[in-house]
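Residue-level listing of the chains:
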Amino acid sequence: MPGTPPRPSPVTEAPAEGSGRPERVFTGIGVSPGVAIGSIYRFATEQLIESRGPLASDAVPREVARFDQAVLTAEQDLLGIASIAREKLGEESASIFEAQALMVRDESLYDQVVACIQEDRVRAAEAVPVVLAVQRRRMEASPSLYLRERAGDLLDIQQRLLRHLNRRKLIGEIQPHTLIVAQSVTAADLMVLHRRKVLGCALDFGGATSHVAIIARSLGLPAVMGLGDLSAAVQGGETLILDGFEGTVIVHPTPETVQRYEHRQRRYRRLLEDQKRLIPLPPETLDGHTVHLRANLELEEELPLLHQYNAQGIGLYRTEIQFMMRGHLDPTEEQLYQTYRRVVEGAAPHEVTFRLLDLGGDKLMPMPHREANPFLGWRGVRILLDRPDLLALQLRALLRASAHGRLRILVPMVTQVAEVDRIRAVARLVRTELQEDGHPVAPQVPLGIMVEVPAVALMIDHFARAVDFLAIGTNDLTQYALAVDRGNDLVAGLFEDMHPAVLHLIVRTVDAGRRHAIPVSLCGQLASNPRATAVLVGLGLRELSAPPSYHPEIKRVIRSLNLPEAEALAQQVLVTEDTETMHEILDTWLDEHACGFRQIFEAQAPGPTSSPSA
Amino acid sequence: MVTREVRVLNRAGLHTRPAAMIVRVASKFDAEFFIEKDGYQINGKSIIGVMTLAAEQGAALQLTFEGTDEEAAAEAMVGLFDEGFGEAR
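Residues numbered from 1 in each chain as written. Chains lettered and ligands numbered in written order. Predicted model: local features only at pLDDT ≥ 70, side-chain atom pairs only at ≥ 80, totals over all residues.

Each helix and strand in chain A was counted, giving 25 helices and 16 strands. Counting the 614 residues in chain A, one finds 48% classified as buried. Long-range pairs, those at least 24 residues apart, make up 70% of the contacts in chain A with a sequence separation of at least 6. (Helix = DSSP H or I, 4+ residues; strand = E, 2+ residues; numbered from the N terminus. Buried ≥ 20, exposed ≤ 12 C-beta atoms within 10 Å, placed from the backbone. Contact = placed C-beta atoms within 7 Å.)

The structure is reproduced here in structure tokens:
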């Protein structure tokens, strides 16, 4: 979320590539909010150089020298990036870049590439991919998940070497105030690009949960991913509009479109200014009821956002990334403990809710693993209970961190009370072991479950008796209740997380929490949607957890309602028979309550859609 | 020539960090250094090579050192393996 939105570069009346070119809209996934307008910098890192026949023998020493230079520069780049990463992202990310530095100057890689140049008379830029492909295939065939994922490192260093060898413009030569268009960028690239003051980033690949997306959000750099063939469709220099809310980019916009988006940009800036006013204010309804606003986070580097947005602790700390980012499932207990401890201390005096590893089975199996129906398969707690080593490792780290601040443990994908009992039993065992080893552990560490399967919401009393708190996950709850896979384009339109059926499951959960006197929070995407806030408050929720940048708008809605009004609205929505009517009711309510976000988030439809991409 | 048999003791196996440690230590010595696992041999001064071993916890490796300081190199390397690279077991 940008603190101050970037300044656009001047846009001429007629778009750069001549006014004859038609406007083209590409639709992807908005992963980092903001509107940026500028000219395209085509960042081509992946292109292999086409063969130009064998080298002349007198060109061989020069080609070897070019390779030497590329290795040296790439190594220096990586060490430089490692030191930036250490400052901004912590030791873990830095060590990855340091290892990549060792890889670029790897002696067997070097010897093989030089042998290729000398014996086969090929250019270094052709030799590098050939040599690395052999190693990559070996790693990709490995039974170890870690090594398979490390093959990506080899691709990274290949691209880095090629970038130098191909004498393409390096990141350092990128003009400030341009928009980056690329197939993909690495997290490291993104940090350097940000320092070059680029305005935004539009990528062919990737999605909202990728590491690059998370970094883009942390840096406040507007970004759209999953754009399909955008990078192939542009040359560079064209005018581009990037809308990180809608997930659209527009190439060759007409002057009218530019004007419309400049207007949107100005509104967004005003909105951000206005949000600053809301940040220090308490999240209270007009009649004095507090709705706690907590943060969803997954990187310790995001901790400063808690203070920036005045969040009341962390309602959902996702723990997968530390396992996935390292490229293997074996971070040590000490590393996890240190991270969790820093998170708990960073959130003090507020509480942090850590969700135990919530993986899909495919990420864990040593061999390529296919399930006919992965969403109904080996996920969440089912994996944890089958992998006691993983569960004990994470529980040890969490319980040790509990000595340093307020911490709760949240179990994902529970469908049976017995699963809770088993997790509790392991936690007890781990606690005893830790105490015997002399580690301090907090006397009480609340254990709760995600309510994300309809069966749990329907039998909620059984679960409420067995746990210390409940957290509603609306994304999965909606998917399972409505039998809609959001990732399936054919039915994605049926995904509606405000569907009355979903709301009824939420009500059951909230009511059970009240009966059993345990806290209930809602941490799915619905919590980030200011359209839903009034209804959620009306249904009885008093704890919402959302990415911090969404807090001001949610708070705006909270501060503009009276509880009886919200309750009346919720009752009205609960009995609507179709979602269209429901949204009409919501729109009317929101308009009457003058909630500013509609102006920026909803009032501006994108221009004519001629996008060929999905 | 000096040869040694070692086992990978740390839980995570020879992932990036241990691989980097091996290469850094090996590079301090002049002796050539090779690691063999199940008949597959790699240059122990190559991080990419070490990573392609796919050596997980419990894997048995043969280390070979050849050069003037081969004894010292062997001792340093065996120490590294015995300590499990300072990681959890």
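Right, let's talk about the overall build of chain B for a bit. When helices and strands are tallied, chain B shows 3 helices and 4 strands. The order of helices and strands in chain B, counted from the N terminus, is β-α-β-β-α-β-α. In chain B, buried positions account for 43% of the 89 residues.

Our focus in this paragraph is the packing of helix α1 (residues 16-26) of chain B against helix α3 (residues 70-82) of chain B. Packed helices, taken two at a time, are described by their axes: the angle between them and the distance between them. All names here are of chain B. Contact geometry of α1 with α3 gives a least axis separation of 10 Å together with a crossing angle of 165°. One finds that α1 runs roughly antiparallel with respect to α3. In the crossing of α1 with α3, the sense of the turn from one axis to the other is right-handed. Where α1 approaches α3, its residues M21, I22, V25 and A26 are matched on the opposing element by A73, A76, M77 and L80. Across the contact of α1 with α3, the residue classes break down as 8 nonpolar, no polar and no charged. (Axes fitted to C-alpha atoms, helices over the stretch in contact; angles between N-to-C directions. Parallel < 35°, antiparallel > 145°, perpendicular 65-115°, else oblique. Left-handed = near helix turned anticlockwise from the far one by under 90°. Nonpolar A, V, L, I, M, F, W, Y, C, P; charged D, E, K, R; others polar.)

Quick look at the interface of chain A and chain B now. With 23 residues of chain A at the contact, the number on the chain B side is 20 residues. At the level of secondary structure, the elements contributing two or more residues to the side of chain A that touches chain B comprise α2 (91-104), α3 (107-120), α4 (124-140), α5 (145-165) and α12 (333-347) of chain A. With 5 residues, α2 of chain A is the single largest residue contributor to the side of chain A that touches chain B.

Residue and element names in this part refer to chain B. Reading across the sheet, the 4 strands line up as β1-β4-β2-β3 and stay open at both edges, with antiparallel pairing between neighbours. Both outer strands of the open sheet, β1 (2-7) and β3 (40-43), are each paired with one neighbouring strand and no more. When the angles between neighbouring strand axes are averaged without regard to direction, this sheet yields 25°. Looking at chain direction, strand β2 (residues 32-37) and strand β4 (residues 60-66) are connected through 5 bridges and run antiparallel. Within the sheet, the bridge partner assigned to E32 lies in β4 and is E66. (Pairing = 2+ DSSP bridges.)

Here the focus is the pairing of β3 of chain B. All names here are of chain B. Here β2 runs beside β3; their pairing, made up of 4 bridges, is antiparallel. Looking at the pairing, E36 lines up with Q41 of β3. Joining the antiparallel neighbours β2 and β3 is a turn of 2 residues, in which D38 adopts a positive phi near 50°.

Before going further, it helps to spend a moment on the pairing of β4 of chain B. Strand direction decides the pairing type here: β1 of chain B and β4 of chain B, joined by 6 bridges, are antiparallel. Of the residues in β4 of chain B, the one forming a bridge with R7 of chain B is A60 of chain B.

Residues and elements named next belong to chain A. Strand order in the open sheet formed by 8 strands is β1-β8-β7-β3-β4-β5-β6-β2, and the pairing between neighbours is mixed. Every interior strand has two partners, whereas the edge strands, β1 (24-27) and β2 (29-32), have only one. The average undirected angle you get between the axes of adjacent strands in this sheet is 30°. Direction of pairing for strand β4 (residues 178-182) relative to strand β5 (residues 200-203): parallel, over a ladder of 4 bridges. Residue pairing in the sheet places I180 in a bridge with C201 of β5. Contacting β3 (35-42), β7 (239-243) and β8 (248-251), helix α9 (residues 255-278) crosses the sheet at an angle of about 125° to β3.

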